[in-house]
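One letter stands for each residue in the lines below.
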Amino acid sequence: MSHNKLLLIILDGVPYANWRRLFGNLEGWVEAGEARVWRMRSVLPSTSASCYASIHTGLLPQVHRIWDNADIRRLEFPDIFSEAVKAGLKTGAVTHSYWSEFFNRAPFDVVRDIEYDEPEGPITHGRFHTMHGYGHVNQMTPADYDLFGTLTRLAEVKGIDYGILHTCTLDSMGHRFYHDCEEMDDACFKMDATLAPFVDRWRRAGYEVIVTADHGQDARGHHGGTGSDQRDFALYYFGPAEGPAPDTVLNQLSLAPTVLGRLGVPVPETMKAAPFLR
């Protein structure tokens, strides 16, 4: 297997329609033939923590047993970080603290774990945020510009081979304002504009890039259930690999083995779904 570098960007809680309607830079790259886009469908429940665990382990919630956002613990299954580090690669995470708890250690200690550099991994370079105090009035989300800058620093200074960025801004906006509104139109527009120059910089630095979500949201800002607007979101891929037909609906469980395949890392037996990029 050849060794590639890849960055996975998770914009939490963006339904498929908002991606295709409001992210003009991403859609412009698709029109120009520099990116490809598919619809992906989340696991059930389409709850944030359940999806995070499935994204990185390739397992259903009924297997990894993360049912909601309340029971956060260290998972005992192989995941993208663990397998990449076993193969000698450097990993990085700029994410909500749940990712550190799932894939490094739990519970999260804000002083010990807010930032760490641990050569043995599984997360080699971690930079985390908690959204402590989150509520309807104050979303407690970091600036996405800062998060994108932090991931770029891990790429350029630490030399990570695989990195994940996760931001809850649009999920939080959707819960507060719902989706057919000026506030959400503006939030998606600004996210797309903020992200675009970083995607260009990452590509110029030799990274393949995947931009996607963990789940969608319905018209009332809800997710967790079975509706297509709660489960479905877009996945944009920047890179040379071949993918399926444009109308294919991708399985979220295929994301972890796909990422490992692109990194040139053996896929563990626990990840049963077929990769969608070759």
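Everything numeric in this text was worked out from a predicted model, so none of it was measured.

**Q** Please explain the overall build of the chain as it appears in this structure.
**A** When helices and strands are counted, the chain shows twelve helices and nine strands. Computed over its C-alpha atoms, the radius of gyration of the chain comes to 17 Å, within 12% of the 19 Å expected for a compact globule of 278 residues. In the chain, 69% of the contacts between residues at least 6 apart in sequence involve partners at least 24 apart. Just so you have it, the chain exposes about 11500 Å², and 51% of that area is on carbon and sulfur atoms. Once the 26 positive and 36 negative side-chain charges of the chain are each reduced to a mean point, those two points are 4 Å apart.

**Q** Would you take a moment to explain the environment of G264 for this structure?
**A** You can see G264 is positioned in the segment after α12 (255-263). Look at G264 and you get partly exposed, because its relative accessible area is 21%. It is 28 Å that separates the C-alpha atoms of G264 and A32, two residues lying 232 residues apart in sequence.

**Q** What is the right way to read the sheet that holds strand β9 (residues 249-251) from this model?
**A** Strands belonging to one sheet form pairs held by backbone hydrogen bonds; the direction of such a pair is parallel or antiparallel. Spatially, nine strands are ordered β4-β5-β3-β6-β1-β7-β8-β2-β9 in an open sheet, and the strand pairing comes out mixed. In this open sheet, the two edge strands, each paired with only one partner strand, are β4 (115-117) and β9. Neighbour to neighbour, the strand axes of the sheet diverge by 20° on average, direction disregarded. As judged from the five bridges shared by strand β3 (residues 91-96) and strand β5 (residues 125-129), these two strands associate in the parallel manner. For A93, the partnering residue across the bridge sits in β5 and is G126.

**Q** Sorry if this is basic, but what is going on with the pattern of salt bridges here?
**A** Any two side chains of opposite charge can pair, so long as their charged atoms come close to each other. The final tally for this structure, using the stated rule, is 16 salt bridges. Close ionic contact of D185 with R21 constitutes a salt bridge, the shortest N to O distance being 3.0 Å. One end of the pair, D185, is in helix α10 (residues 182-204); the other, R21, is in helix α1 (residues 16-22), with 164 residues separating them in the sequence. The residue R105 makes a salt bridge to D113 at a minimum N-O spacing of 2.8 Å. When salt bridges with common partners are traced through the structure, they connect R105, R112, D113 and E118 into a single cluster.

**Q** What exactly am I supposed to notice about the layout of surface pockets here?
**A** Of the pockets and cavities examined, the largest pocket occupies roughly 250 Å³. Lining the largest pocket we find 14 residues, and of these N69, M131, Y134, C168 and D171 sit closest to its centre. Secondary-structure elements contributing two or more residues to the lining of the largest pocket are α3 (48-57) and α9 (169-177). Examining the composition of the lining of the largest pocket, we find that three residues originate from one element, α9, more than from any other. The residue inventory of the lining of the largest pocket, partitioned by class, reads five nonpolar, eight polar and one charged.

**Q** Explain unusual backbone geometry to me, please; I cannot follow it from the model alone.
**A** Note on backbone geometry: most residues besides glycine have negative phi, and most peptide bonds are trans. Residue L44 is joined to P45 through a cis peptide bond whose omega torsion reads 5°. Tracing the chain through its elements places P45 in the loop between β2 (36-41) and α3. Note that the residue after G121, namely P122, is joined by a cis bond; omega there is 10°. Positionally, P122 belongs in the loop between β4 and β5. Even without glycine at this site, M131 takes up a positive phi of about 60°. Along the chain, M131 falls in the loop between β5 and α8 (144-158). A relative accessible area of 11% means that M131 is categorised as buried. Even without a glycine there, the phi angle at M140 is positive, about 55°.

**Q** Sorry if this is basic, but what is going on with the packing of aromatic side chains here?
**A** Two descriptors summarise a pair of aromatic rings, namely the distance from one centre to the other and the angle between the planes of the rings. Summed over all chains, the structure comprises 16 aromatic pairs. Summarising the aromatic geometry, the rings of Y52 and W99 are spaced 5.0 Å apart at their centres and angled 25° between planes, so their arrangement reads as stacked. Of this pair, Y52 sits in helix α3 while W99 sits in helix α6 (residues 97-103), placing them 47 residues apart in sequence. A relative accessible area of 2% places Y52 in the buried class. Taken together, Y52, F81, Y98, W99, F102, F103 and Y162 form an aromatic cluster joined through their ring pairs. Stacked on the ring of Y16, the Lys or Arg R39 has its end atom at 3.8 Å from the ring centre. Between the NZ or CZ atom of R105 and the centre of the ring of Y116, over which it lies, the distance is 5.1 Å.

Procedures and definitions
- Residues numbered from 1 in each chain as written.
- Predicted model: local features only at pLDDT ≥ 70, side-chain atom pairs only at ≥ 80, totals over all residues.
- Heavy atoms only, no water.
- Helix = DSSP H or I, 4+ residues; strand = E, 2+ residues; numbered from the N terminus.
- Rg over C-alpha atoms; globule rule 2.2 N^0.38 Å.
- Contact = heavy atoms within 4.5 Å.
- Areas by Shrake-Rupley, 256 points an atom, 1.4 Å probe, with all protein chains shown as cover.
- Lys, Arg positive; Asp, Glu negative; His and termini not counted.
- Charge placed at Lys NZ, Arg CZ, Asp CG, Glu CD.
- Buried < 20%, exposed > 50% of the residue type's maximum accessible area, 1.4 Å probe, protein only.
- Pairing = 2+ DSSP bridges.
- Axes fitted to C-alpha atoms, helices over the stretch in contact; angles between N-to-C directions.
- Salt bridge = Lys/Arg side-chain N within 4 Å of Asp/Glu carboxyl O.
- 1 Å grid on protein atoms, 1.4 Å probe; cavity = no way out; pocket = protein on both sides within 12 Å on 5 of 7 lines; lining within 4 Å.
- Points joined across faces, edges and corners; volume = space filled by probe spheres on them.
- Nonpolar A, V, L, I, M, F, W, Y, C, P; charged D, E, K, R; others polar.
- Phe/Tyr/Trp six-rings, centres within 6.5 Å; stacked < 30°, edge-to-face > 60°.
- Lys NZ or Arg CZ within 6 Å of the ring centre and 35° of its normal.

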